[in-house]
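Descriptive structure summary
The lines below spell out each chain.
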Amino acid sequence: TFLGFFLAGLMFINLNMDTVFPLLTISLLFTADATFTLIKRIVQGKKPWQPHKEHFYQQAVSAGITHSEFVIRALAINVVLLILFILGFSVLGPFSLIFGLIAVAIFFWRMNYLGGK
């Protein structure tokens with residue numbers, strides 16, 4: 001919770017067109033998981049406000065991935081997002097968000113969340 005509020009606060013403090021894309025990139029793993037899970041539950045006709053075990057981490061553990069394996073993989077994708085975040089301020093600009101979305105999609109797919117092996 002603290003990390004989420006901290007990142008949201010950074011985004012509001014630095015809200016301008018030069019910084020919004022890199023700031024969105026750094027929180028992409030958490031945002032994509034929550035958004036994708038919510039959309040999936042609505043499409044399946046489930047009530048999104050009811051408790052469930054359909055978030056990315058819960059699905060990965062159910063598929064046989066250990067907590068340690070998940071943390072290492074999540075750390076790796078967050079390092080990629082951090083690099084894109086840093087490059088977004090100088091070289092990539094808005095493309096940092098696009099590359100981040102691609103990286104997270106590949107991560108979800110490779111972790112069997114979207115059907116990859």
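Scroll up a little and you will see the structure.
Just so you know, these numbers come straight off a predicted model, no measurement behind them.

1. Here we look at helix 3 (residues 28-43)
Counted at 1.5 Å a residue, the expected span for helix 3 with its 16 residues is 22 Å, and the 22 Å between its end C-alpha atoms agrees. Along helix 3, the residues classified as buried are Leu28, Leu29, Ala32, Asp33, Thr37 and Arg41.

2. Topic: the nonpolar core
Leu29, Phe70, Ile77, Leu81, Val104, Phe107 and Phe108 are the most contacted members of the largest nonpolar core, which totals 17 residues. Among the secondary structure elements, those contributing two or more residues to this core are helix 3, helix 4 (56-62), helix 5 (67-88) and helix 6 (95-110). Those residues within four positions of Ile77 in sequence are excluded, and the remaining contacts are Leu29, Ala103, Val104 and Phe107.

3. Considering the pattern of salt bridges
Summed over all chains, the structure comprises two salt bridges. Residue Glu54 pairs with Arg41 through a salt bridge whose shortest N-O separation is 2.9 Å. Here Glu54, found in the loop between helix 3 and helix 4, pairs with Arg41, found in helix 3; they are 13 residues apart in sequence, far enough to count as distant. Salt-bridge contacts for Glu54 lead to Lys46; the nearest nitrogen and oxygen are separated by 2.9 Å. Accessibility expressed as a relative area gives 11% for Glu54, which makes it buried. Accessibility expressed as a relative area gives 35% for Lys46, which makes it partly exposed. Here the residues in one salt-bridge network are Arg41, Lys46 and Glu54, joined through shared partners.

4. Regarding the side chain of Arg41
A relative accessible area of 5% places Arg41 in the buried class. What Arg41 contacts, discounting residues up to four positions off in sequence, is Lys46, Lys47, Pro48, Gln50, His52 and Glu54.

5. What about the layout of surface pockets?
Approximately 230 Å³ is the volume found for the largest pocket. Lining the largest pocket, in full, are Leu29, Phe30, Asp33, Phe56, Tyr57, Phe70, Val71, Ala74, Leu75 and Asn78. Contributions of two or more residues to the lining of the largest pocket are made by helix 3, helix 4 and helix 5. Among the elements that line the lining of the largest pocket, the one with the most residues is helix 5, at five residues. Of the residues in the lining of the largest pocket, the class split is eight nonpolar, one polar and one charged.

Here is what the cut-offs are and how they apply
- Counting of residues starts from 1 at the beginning of each chain's written sequence and follows it residue by residue.
- Thresholds applied to this predicted model are a pLDDT of at least 70 for local features of residues and 80 or more for the giving and counting of side-chain atom pairs; totals over whole chains, interfaces and linings are not thresholded and use all residues.
- Only hydrogens and water are set aside; all other atoms, that is, all heavy atoms of the structure, feed into the side-chain values.
- The secondary structure listing takes helices from DSSP runs of H or I that are at least 4 residues long and strands from runs of E that are at least 2 residues long, numbered from the N terminus.
- A helix's residues, less one, multiplied by 1.5 Å, set its expected span.
- For every residue, the accessible area obtained with a 1.4 Å probe (protein chains only) is divided by the maximum for its type, and the residue is called buried under 20%, exposed over 50%, and partly exposed between those limits.
- By nonpolar core is meant a set of buried Ala, Val, Leu, Ile, Met, Phe, Trp, Tyr and Cys residues that side-chain atoms within 4.5 Å join together.
- The criterion used for residue contact is that any of the two residues' heavy atoms lie within 4.5 Å.
- Only one rule defines a salt bridge in this text: a Lys or Arg side-chain nitrogen within 4 Å of an Asp or Glu carboxyl oxygen.
- In this analysis a 1.4 Å probe is tested at points of a 1 Å grid over the protein atoms alone, and where it fits but cannot get out there is a cavity; an open set with protein on both sides within 12 Å along at least five of seven lines is a pocket; lining residues have an atom within 4 Å of a point.
- Grid points are joined across faces, edges and corners, and a volume is the space filled by probe spheres set on the points.
- Each residue is assigned to one of three groups, with Ala, Val, Leu, Ile, Met, Phe, Trp, Tyr, Cys and Pro labelled nonpolar, Asp, Glu, Lys and Arg labelled charged, and all others, Gly among them, labelled polar.

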